[in-house]
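So the chains spell out like this:
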Amino acid sequence: MSLTSDPPIVKAPAEPEDYGALKVVPVRHPWRWAAVIVTAVLLAQFAHGLATNPGWEWEVFAEFFTAEVILKAVWVTLQLTAYGTALGFALGIVLAFMRLSDSPFLKAVSFAYIWAFRSIPLIVQLLFWFNLAYLYKELKFGIPFGPGFFTFDTMGLVGAMSAAVLGLALHQAAYAAEIVRGGVLAVDSGQLEAAAALGIPRLRQIRRIVLPQAMRSILPNAANEVISLFKGTSIVSVMAIGELFYQVQVIYGRNGRVVPLLMVATAWYILLTTALSILQHYVERHFAKGSTR
């Protein structure tokens, strides 16, 4: 006779024959609904204030929103953004590959440039280039430390617009270099080794293999920089350049309608930033082809 007893048999509960008879109780989120209600009330109050508060002076806003002087200022702002972005990222790509090179000298020069232009405030850089003629009356091109063959007067060479574009581009290049460098480092090095083993030239490796993949990492940060540069063009108002914010200041300095004129600038910044964001979406979707994400 065995001294051990068999374990008790546990009967599984009988499954219901009709699952439709089960009562499904949804999970309740009372605090979520409370937050939704509070947020909706605050938004409704804000919208009501915009519509009913006479201090916004929407008739003045409508008068100046599409005024010729404002449209010209918007065009100047777009020009500053386009030139600063194109020149800044062109120089930034060069600086990024200098930092990634095997030459200690090129690495040091690139690092020093990025360190300097990220350390100096943009407004100081703009004022420096605007006052370049104070330091250098003329620029000579010729033999280094020797006689010059061509001479340019800096007073006529670097005007307000040129100084603004130069300052914005050089400042943007420092940030663009780090964005591009981070994107290149995100590409698997094994792909470059495979391309080198196949005998693909170095320049073609960068153009056809590295950059298309690096763009997936570069684009989000680059788009942020472009949008920041677009809004940051307002700082060139210290140089009396007729961009959007400067013209708004001039107008409300004359008629005293500060709030509606500031809303004009705000609305244009929002519209153009939205357009840049939509463009970013389609460019990112283009470079995301073949991605597993």
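All residue numbers here refer to positions counted from 1 along the written sequence of the relevant chain. Given that the model is predicted, a residue must reach a pLDDT of at least 70 before its local features are reported, and side-chain atom pairs must reach 80 or more before they are shown or counted; all residues, however, enter totals for whole chains, interfaces and linings. Values shown for side chains rest on all heavy atoms present in the structure; no hydrogens or waters enter the calculation.

Our working rule: UniProt positions are given in the numbering used here, feature names are shortened, and annotations may be inferred rather than shown by experiment.
Under an unreviewed UniProt entry, the name given to the chain is Amino acid ABC transporter permease, and the organism recorded is Streptomyces tauricus. Checking UniProt for the chain, the heading Subcellular location (unreviewed entry) contains the comment "Cell membrane". Its UniProt record gives the chain a comment under Sequence similarities (unreviewed entry), which states: "Belongs to the binding-protein-dependent transport system permease family."

Some words on the packing of helix 3 (residues 68-99) against helix 11 (residues 244-255)
Defined as follows: Fitted lines through C-alpha atoms give the axes, limited to the stretch in contact for helices. The angle between two N-to-C directions lies from 0 to 180 degrees. Counting from the N terminus, the helices are the DSSP runs of H or I reaching at least four residues and the strands are the DSSP runs of E reaching at least two. Angle categories are assigned with fixed cut-offs, so that under 35 degrees is roughly parallel, over 145 is roughly antiparallel, 65 to 115 is roughly perpendicular, and the rest are oblique. It only takes one pair of heavy atoms within 4.5 Å for two residues to be counted as in contact. Amino acids are sorted into nonpolar (Ala, Val, Leu, Ile, Met, Phe, Trp, Tyr, Cys and Pro), charged (Asp, Glu, Lys and Arg) and polar (every other residue, Gly among them).
Axis separation between helix 3 and helix 11 bottoms out at 7 Å; the angle between their running directions is 150°. It follows from the interaxial angle that helix 3 and helix 11 lie roughly antiparallel. Between helix 3 and helix 11, the residues in contact are Val 69, Ile 70, Ala 73, Val 74 and Thr 77 and Leu 244, Gln 247, Val 248 and Ile 251, respectively. Along the lines of polarity and charge, the residues of the contact of helix 3 with helix 11 split into seven nonpolar, two polar and no charged.

With respect to the side chain of Gln 172
Secondary-structure assignment places Gln 172 in helix 8 (residues 160-185). The residues contacting Gln 172, other than those within four sequence positions of it, are Gly 84, Gly 88, Phe 89, Glu 225, Val 226 and Leu 229.

Considerations on the pattern of salt bridges
Condition: Think of a salt bridge as a Lys or Arg side-chain nitrogen and an Asp or Glu carboxyl oxygen that are within 4 Å of each other. Relative accessible area decides the class of each residue, using a 1.4 Å probe on protein chains only: under 20% of the type maximum gives buried, over 50% gives exposed, and in between gives partly exposed.
In total, this model carries four salt bridges according to the counting rule given. One salt bridge in this structure joins Glu 68 and Lys 72, with 3.4 Å as the shortest N-O distance. Placement of the pair is Glu 68 and Lys 72 together in helix 3, with a separation of four residues, close to one helical turn. On the accessibility criterion, Glu 68 (56% relative accessible area) is exposed. A relative accessible area of 51% means that Lys 72 is categorised as exposed. With a closest N to O distance of 3.0 Å, Glu 178 and Arg 181 form a salt bridge. Within this pair, Glu 178 and its partner Arg 181 are both found in helix 8, separated by three residues, close to a single helical turn. If you follow the salt bridges from partner to partner, you end up with Arg 99, Glu 178 and Arg 181 in one network.

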